[in-house]
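Below are the chains, spelled out letter by letter.
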Amino acid sequence: MSYTIEKPDPGPSPALDAANIRTNFSTFATALAVNHKAMNDSKQGFHSNIVLDKQTLDPTVDGAEAIIYAKDSTSNAGTEPQLFVRIPVFLPIGSDTTQAINDPMQLTYNSVNTSGTVTADYTIYQSFLIGKYLFYFGFCTNIAATITLSPTPSSLILAIASPNTVKSVSNFAPYDCSTQILTSSTFKINSTLNGSGPVNPYSFGFFAIGSA
Amino acid sequence: MTTPIYDPGVPERPSDSYATSQPELLANFISLYQAFLKNHEPISGANQGVHTILELLQQTGDAQTDLNEISFYTKNVDGQTTQVFVRINNNGTAYQLTNYQIYSLNQVANQTSYFTVLPGKFLVYFGSFTSLTNNILNLNPPIAKNIVGLDFTPIGTTPNYKPVVNPIKEANGEINKLQVTSANLQNTGLGTAPACYYFVVVNI
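Below is a summary of the structure that appears in this document. (Residues numbered from 1 in each chain as written. Chains lettered and ligands numbered in written order. Predicted model: local features only at pLDDT ≥ 70, side-chain atom pairs only at ≥ 80, totals over all residues. Heavy atoms only, no water.)

## Quick look at the overall build of chain A
From N to C terminus, chain A includes 1 helix and 12 strands. The order of α-helices and β-strands along chain A, N terminus first, is α-β-β-β-β-β-β-β-β-β-β-β-β. Its C-alpha atoms give chain A principal-axis dimensions of about 100 × 45 × 30 Å. Looking at chain A as a whole, 46% of its 212 residues qualify as buried. Only carbon and sulfur atoms are counted for the fraction: they give 55% of the accessible area of chain A, which is about 10,100 Å². Separation of charge centres in chain A, based on 10 positive and 14 negative side chains, amounts to 6 Å. (Helix = DSSP H or I, 4+ residues; strand = E, 2+ residues; numbered from the N terminus. Buried < 20%, exposed > 50% of the residue type's maximum accessible area, 1.4 Å probe, protein only. Areas by Shrake-Rupley, 256 points an atom, 1.4 Å probe, with all protein chains shown as cover. Lys, Arg positive; Asp, Glu negative; His and termini not counted. Charge placed at Lys NZ, Arg CZ, Asp CG, Glu CD.)

In structure tokens, the structure reads:
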């Protein structure tokens, strides 16, 4: 027996619908207990977590509200449901005259790398930015190395590096540098370091942004 | 189906006949079902209780949070629209999670531009440029109030020093352009910046 919105009906005896009434109360309590604090809990009705079933269409935002939902998103890593947000309308501010629509914006990605991947030449971490961008950052101690980004983005937009070292104990100019994107998932830091002078241990901080 | 009014007070009296309470009970069951159907899979469905979407109706103030709670809600932002906010545990910090509509930019010559938002009313401009006209880097969309962080790196195999960057304030107080020139260790004047990747964080 499952929840019914047709019972109790005007039957000849309440005894006929007692089971239906009990089932409806029971089923409602069971359903509410999913993602919510259960009936009779001191916080009954509050959310405990929120599981979002994947939607196949973007919801229409109706009036003063915003909608968070899940739908498939295809990235270089494949297709998986991701969290999206849609605001009711785009109202540009300042000098922005763009007539954009309120397209859904992707809030999440499949993975983050919070512990860092350590190689002999660099350490790299990874997160993401709203709008389906991957964000990588870390330190490099050997500019001869090619820095490889994982997960692999579909395209690499930028790679920025900054020296953390001056040229020598008598020349406090920072190292010069440039970055060279080699492929959609690799880049290299270039520097003349201390020219023909001795090179002490050094490091470059870096970050890179790619399209997921 | 019209949703009947939910009445938590029925059956009203123990002495009510079943003929009286039957339609009241039926109305309540219908109301419960219809109300729960908002943002949730149906009560009797395979995924009963699981959410479909999370429709956050605009609130007039910040949501209250007790210990061990966190709240997602929406609020109107002056000059913008309904945006998503987060409030941390125990009525802690409330901050804006969504800031601005992300959209595809119209690109300008010699500059490839993207932008995204960070929680807390920050916006990030990023991309690359080759040769800038009049040493001007455009910040698009043009809505920056303050520059709060930036970094540039020359592109390619030839190392160089990072360029010198100066915000250009408009009459309305916005900073929609940056003057970007080469670092010049010989003091021979400002030169054209080399092609660079750029990353600029602003308040909006």
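On we go.
## With respect to unusual backbone geometry
Of note, the amide linkage connecting Lys7(A) to Pro8(A) takes the cis form, showing an omega dihedral of -5°. Tracing the backbone through its elements, the reader meets Pro8(A) in the segment before helix 1 (18–32). Here the residue pair Ser150(A) and Pro151(A) is connected by a cis peptide bond, since its omega of 0° sits within 30 degrees of zero. For Pro151(A), the position within the fold is in the loop between strand 8 (146–148) and strand 9 (155–163). Positive phi values are uncommon outside glycine, yet Asn40(A) reaches one of about 75°. We note that Asn135(B) has phi near 60°; this positive angle belongs to a residue other than glycine.

## A closer look at the interface of chain A and chain B
Opposite the 84 residues of chain A that make contact, chain B presents 71 residues. Here chain A packs against chain B, burying approximately 6,300 Å² in sum over the two surfaces, 67% of which is carbon and sulfur. For chain A, the biggest contributors to the area lost against chain B are Tyr3(A), Ile5(A) and Ile93(A); these three give 10% of the whole. Seen at the junction of chain A and chain B, the total is 1 salt bridge. Linking chain A to chain B there are 34 residue pairs in polar contact (both at pLDDT 80 or more). Only helix 1, strand 2 (65–75), strand 7 (133–140), strand 9, strand 10 (178–183) and strand 12 (204–211) of chain A provide two or more residues apiece to the side of chain A that touches chain B. Top contributing element to the side of chain A that touches chain B by residue count: helix 1 of chain A, with 8 residues. (Contact = heavy atoms within 4.5 Å. Buried area = accessible area lost by both parts, 1.4 Å probe. Salt bridge = Lys/Arg side-chain N within 4 Å of Asp/Glu carboxyl O. Polar contact = N/O pair within 3.5 Å; in protein donor to acceptor, adjacent residues only side chain to side chain.)

## Brief notes about the layout of surface pockets
Over the atoms, a rolling probe the size of a water molecule traces out where space has been left empty. Of the volumes computed, that of the largest pocket is approximately 880 Å³. As for the largest pocket, its lining consists of 29 residues, and the residues nearest its centre are Gly45(A), Phe46(A), His47(A), Ile50(A) and Ile70(B). Elements represented by at least two residues in the lining of the largest pocket include exactly helix 1 of chain A together with helix 1 (18–37), strand 1 (53–59) and strand 2 (71–76) of chain B. Considering each element in turn, the lining of the largest pocket owes the most residues, 3 residues, to strand 1 of chain B. Considered class by class, the residues forming the lining of the largest pocket number 11 nonpolar, 12 polar and 6 charged. (1 Å grid on protein atoms, 1.4 Å probe; cavity = no way out; pocket = protein on both sides within 12 Å on 5 of 7 lines; lining within 4 Å. Points joined across faces, edges and corners; volume = space filled by probe spheres on them. Nonpolar A, V, L, I, M, F, W, Y, C, P; charged D, E, K, R; others polar.)

## Things to note about the environment of Ser185(A)
Residues and elements named next belong to chain A. Of note, Ser185 is situated in the loop between strand 10 and strand 11 (186–190). Accessibility expressed as a relative area gives 13% for Ser185, which makes it buried. The spatial distance from the C-alpha of Ser185 to the C-alpha of Ser127 is 15 Å, given a sequence separation of 58 residues. With residues up to four places along the chain from it excluded, the contact list for Ser185 reads Ile147, Thr148, Leu149, Thr152 and Pro153.

## Overview of the sheet that holds strand 6 (residues 122–129) of chain B
All names here are of chain B. Spatial ordering of the open sheet is given by 5-6-12-8, a layout of 4 strands whose pairing is antiparallel. Only two strands of the sheet have a single neighbouring strand rather than two, namely strand 5 (111–118) and strand 8 (146–154). Mean inter-strand twist for the sheet, computed between neighbouring axes without regard to direction, equals 15°. Judged from the 8 bridges that link them, strand 5 and strand 6 form a sheet pairing that is antiparallel. Paired with Thr112 across the two strands is Ser128, which belongs to strand 6. (Pairing = 2+ DSSP bridges. Axes fitted to C-alpha atoms, helices over the stretch in contact; angles between N-to-C directions.)

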